[in-house]
Amino acid sequence: MPIRGQGISGLDELPTSFATWVRAGMQARGISGRQLAARSGVDHSTISRLLNSGRNPSYATARKLARALESNPASPTGVEAALRRDPALTEPDVAYLLSEYRRVRMRRLRRSAVGLRQV
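Quick caveat: nothing in here was measured; it's all calculated off a predicted structure. (Residues numbered from 1 in each chain as written. Predicted model: local features only at pLDDT ≥ 70, side-chain atom pairs only at ≥ 80, totals over all residues. Heavy atoms only, no water.)

## Side note on the nonpolar core
Part 1 of the reasoning: Formed by 17 residues in total, the largest nonpolar core has its most connected members in Phe18, Val22, Met26, Leu36, Ile47, Leu65 and Leu69.
Part 2 of the reasoning: Secondary-structure elements contributing two or more residues to this core are helix H1 (18-29), helix H2 (33-40), helix H3 (44-53) and helix H4 (59-70).
Part 3 of the reasoning: In contact with Leu69, not counting residues within four places along its chain, are Trp21, Val22, Gly25, Met26, Arg29, Ile31 and Leu36. (Core = buried A, V, L, I, M, F, W, Y, C linked by side-chain atoms within 4.5 Å. Buried < 20%, exposed > 50% of the residue type's maximum accessible area, 1.4 Å probe, protein only. Helix = DSSP H or I, 4+ residues; strand = E, 2+ residues; numbered from the N terminus. Contact = heavy atoms within 4.5 Å.)

Printed below as a string of structure tokens:
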């Protein structure tokens, strides 16, 4: 059974659609569609179509948006916190660098797992 607010503070009712949930999450965080796009890695035009059409997104898109809306940017930790503390980086810069960090990290983890299997 879904929990009231679906993980977004300030949402008192269960949303009637995914678009309603996304819109409420954006409003609760005071972010625009372009800011959500930068945080989630989903193109802003896709977010706009989702919000305006009321259609449900693919699983991958829904997951990216949910992660971006459920994370608390006010208290990031680790690599993300370090990037967010850098005043020279914009939100798109942080999103890009985090995605690259995760990509490289996953590649290294896969390589080390392959190396362990060969031993």
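Following the structure, the description resumes.
## Re the side chain of Thr61
Part 1 of the reasoning: Here Thr61 shows up in helix H4.
Part 2 of the reasoning: At 3.1 Å, the side chain of Thr61 and the side chain of Ser58 are in polar contact.
Part 3 of the reasoning: With residues near it in sequence (within four places) discarded, Thr61 still touches Val42 and Thr46. (Polar contact = N/O pair within 3.5 Å; in protein donor to acceptor, adjacent residues only side chain to side chain.)

## Describing the confidence of the model for the chain
Detail in the predicted coordinates should be disregarded across regions flagged by low pLDDT.
Part 1 of the reasoning: For the chain, the mean per-residue pLDDT works out to 77, and 74% of the residues sit at or above 70.
Part 2 of the reasoning: Note that pLDDT drops below 50 for residues 1-12; the model gives that stretch 23 contacts with residues more than four away or on any other chain. (pLDDT = per-residue confidence, 0-100.)

## Concerning the packing of aromatic side chains
In this description, an aromatic ring pair is defined by two values, namely the gap between the centres and the angle between the planes.
Part 1 of the reasoning: For the structure shown, the criterion picks out one aromatic pair.
Part 2 of the reasoning: Seen in terms of ring centroids, Phe18 and Trp21 are 5.5 Å apart; in terms of plane orientation they differ by 35°. Their pairing is tilted. Taken as a pair, Phe18 and Trp21 lie in helix H1 at a separation of three residues, close to a single helical turn. Both residues of the pair, Phe18 and Trp21, belong to the buried class. (Phe/Tyr/Trp six-rings, centres within 6.5 Å; stacked < 30°, edge-to-face > 60°.)

## Quick word on the pattern of salt bridges
Part 1 of the reasoning: Evaluation of the coordinates by the stated rule reveals two salt bridges.
Part 2 of the reasoning: Arg39 is paired through a salt bridge with Glu91; the nearest N and O atoms lie 3.8 Å apart. Pair noted here: Arg39 is in helix H2 and Glu91 is in helix H6 (residues 91-118), with a separation of 52 residues, a long-range link.
Part 3 of the reasoning: Residue classification places Arg39 among the partly exposed residues on the basis of a relative accessible area of 26%.
Part 4 of the reasoning: Assessed through its relative accessible area of 23%, Glu91 is described here as partly exposed.
Part 5 of the reasoning: Note that Glu100 and Arg103 form a salt bridge whose closest N and O atoms lie 2.7 Å from each other. Here Arg103 and Glu100 lie together in helix H6, a separation of three residues that amounts to about one turn. (Salt bridge = Lys/Arg side-chain N within 4 Å of Asp/Glu carboxyl O.)

## Looking at the side chain of Ser40
Part 1 of the reasoning: Checked against the element boundaries, Ser40 lands in helix H2.
Part 2 of the reasoning: Residue Ser40 is classed as buried on the basis of its relative accessible area, which comes to 11%.
Part 3 of the reasoning: For Ser40, the side chain forms a polar contact with the main-chain oxygen of Leu36, separated by 2.8 Å.
Part 4 of the reasoning: Apart from residues no more than four positions distant in its own chain, Ser40 is found in contact with Ile47, Lys64, Leu65 and Ala68.

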